[in-house]
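Here are the chains, one letter per residue:
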Amino acid sequence: MDFELSEEQAAARELARDFAEKEVLPTAAKDDKEHTFRRDLITKMGDLGFYGCLIPEEYGGSHLGFLAHALISEELGRVHSAIRVYLNMQVGPAHTLLECANEEQKKQHIPPLVRGDSIGCFAITEPDAGSDVAAMKATAVRDGKGYILNGTKTWISNAPVADTGLVFAYTDRSQRHHGMSAFYVHLNQPGVSRRPLEKSGTHASPTGELIFENFAIPERGRIGMEGEGFRIGMQHLTHTRLSCAAGAVGVARAAREAAVSYANQREQFGQKIGQFQMIQDQIAQMVVHEEAARMLVCRAAALADSGKPNNLEVSIAKYAAAEAAAFNAEAAMKILGAYGYSTEFPVERLWRDAKSYQIVEGSGNIQKLIIAQDALGYRKANR
Ligand SMILES: Cc1cc2nc3c(=O)[nH]c(=O)nc-3n(C[C@H](O)[C@H](O)[C@H](O)COP(=O)(O)OP(=O)(O)OC[C@H]3O[C@@H](n4cnc5c(N)ncnc54)[C@H](O)[C@@H]3O)c2cc1C
């Protein structure tokens, strides 16, 4: 598989790197400490076209593809994971609408997401339904003119600030997986309340609950047919998982860069600590984790760009990249000693942010389930 970048892909990566270093990095520590939601950065990324890689020009995108999107995700993840989450909350719903919505819905909802005018989110998880998506309790009951939605979605990125969202609920619980439906809704309306949730990292990315109480959804708010929600949700997660994996590679890279830089400066026992073999062992492992994860992400993205199924390759990439991020952040913390543990240096933020990649978009165990069941022949991931 050849990962030589096209001119457009290389330019997208350069643009994202430049943006991340000039516009995101200078305030990353402050934004994290003060839990600042950066609406202005959402707008700037829209102006730069970051949300359009998976979207054709007719809906405002550039159609550069999954590899270009992954490269942008890595650059943002390297500098500040919370800002990488913003990217996924715009691109994820826009791409799912592209694949599953009708023409009128696409024209209405995709361009505002691609421009960054409408802040997006997707709401699958509930208090009693995390990995087990089918255990969700939310219902959308027909009322003649449309649906009435009731239920609580939790751990939703952008919940406190989103204008619109892709929401999943049962229209017929007796059908289990085949009774779930997907909706695209405007959230600044009666019947929705929001509750922010605190977490260990990615503080500049607000997370929270969306509580729907007799929330009215018009018929045109349903995406796809009734009963297609589970399939749409899983399709959605395959794509957002890839972006997430690319962001994790960015964290692994940032941790390796911080460790190398420190090991080349810090002196103990009369020499640079980089000259100690035990530090070299840690650095070597970090390089291998990062590079392997990047190759796996590129493979999964290239498959998507060539129109081939990639569920298995995305799960492999997501698992490997999340582990690489966590391993490298932990190793960097050890190499920086007290300065790794210090809140004055970025490594402890990388360490906190890295943990999120092992949970979001399907936990590590869920990725391993997909990988192992495919390997054992129980359930093919690419069907
Ligand atoms: C920062 C953050 C942002 C998020 N953003 C969103 C969002 O935007 N939209 C959204 O819908 N959700 C979001 N989530 C929710 C996320 O997708 C879930 O947390 C995740 O799917 C895991 O669910 P859970 O936390 O309920 O864990 P559980 O499913 O309860 O799992 C608990 C533990 O059991 C393990 N486990 C579960 N089932 C199995 C099994 N069959 N075999 C082996 N082990 C298993 C898991 O791996 C985990 O270790 C977010 C979460 C976080 C932390």
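Source: prediction; values computed, not measured.

Attention now moves to the packing of helix α4 (residues 81-100) against helix α5 (residues 103-115). The geometry of α4 relative to α5 is characterised by a closest axis approach of 9 Å and an angle of 160° between their N-to-C directions. Judged on the interaxial angle alone, α5 and α4 are roughly antiparallel. Crossing of α4 over α5 shows left-handed handedness. In this structure, α4 uses Gln90, Pro93, Ala94, Leu97 and Leu98 to contact α5, whose residues at the interface are Gln105, Lys106, His109, Ile110, Leu113 and Val114. For the contact of α4 with α5, a count of residues per class yields seven nonpolar, three polar and one charged.

If you check helix α3 (residues 66-79), its first and last C-alpha atoms are 20 Å apart, about what 14 residues at 1.5 Å a residue would give, namely 20 Å. The buried count for α3 comes to 14 of 14 residues, which makes it a mostly enclosed element.

With that settled, consider α5. Look at α5: 18 Å from first C-alpha to last across 13 residues, which is about the 18 Å you get at 1.5 Å a residue. At His109, α5 shows its strongest bend, of approximately 25°, with the proline Pro111 following within four residues. For α5, the complete set of buried residues consists of His109, Ile110, Leu113 and Val114. Elements that come into contact with the buried residues of α5 comprise α2 (39-47), α4, β4 (164-170) and β5 (180-186).

Assigned domains within the chain: domain 1 (7-115), domain 2 (122-229) and domain 3 (231-376). Each of domain 1 and domain 3 was reduced to a C-alpha centroid, and the two centroids are 20 Å apart. Each partner contributes to the interface: domain 1 provides 23 residues, whereas domain 3 provides 26 residues. Listing elements by their share of the side of domain 1 that touches domain 3, those giving two or more residues are α1 (7-34), α3 and α4. Partitioning the side of domain 1 that touches domain 3 into residue classes produces eight nonpolar, nine polar and six charged.

What counts and how
- Residues numbered from 1 in each chain as written.
- Predicted model: local features only at pLDDT ≥ 70, side-chain atom pairs only at ≥ 80, totals over all residues.
- Axes fitted to C-alpha atoms, helices over the stretch in contact; angles between N-to-C directions.
- Helix = DSSP H or I, 4+ residues; strand = E, 2+ residues; numbered from the N terminus.
- Parallel < 35°, antiparallel > 145°, perpendicular 65-115°, else oblique.
- Left-handed = near helix turned anticlockwise from the far one by under 90°.
- Contact = placed C-beta atoms within 7 Å.
- Nonpolar A, V, L, I, M, F, W, Y, C, P; charged D, E, K, R; others polar.
- Expected span 1.5 Å × (residues − 1).
- Buried ≥ 20, exposed ≤ 12 C-beta atoms within 10 Å, placed from the backbone.
- Bend = angle between axes of the 7 residues up to and from the residue.
- Domains from an automatic or database assignment.

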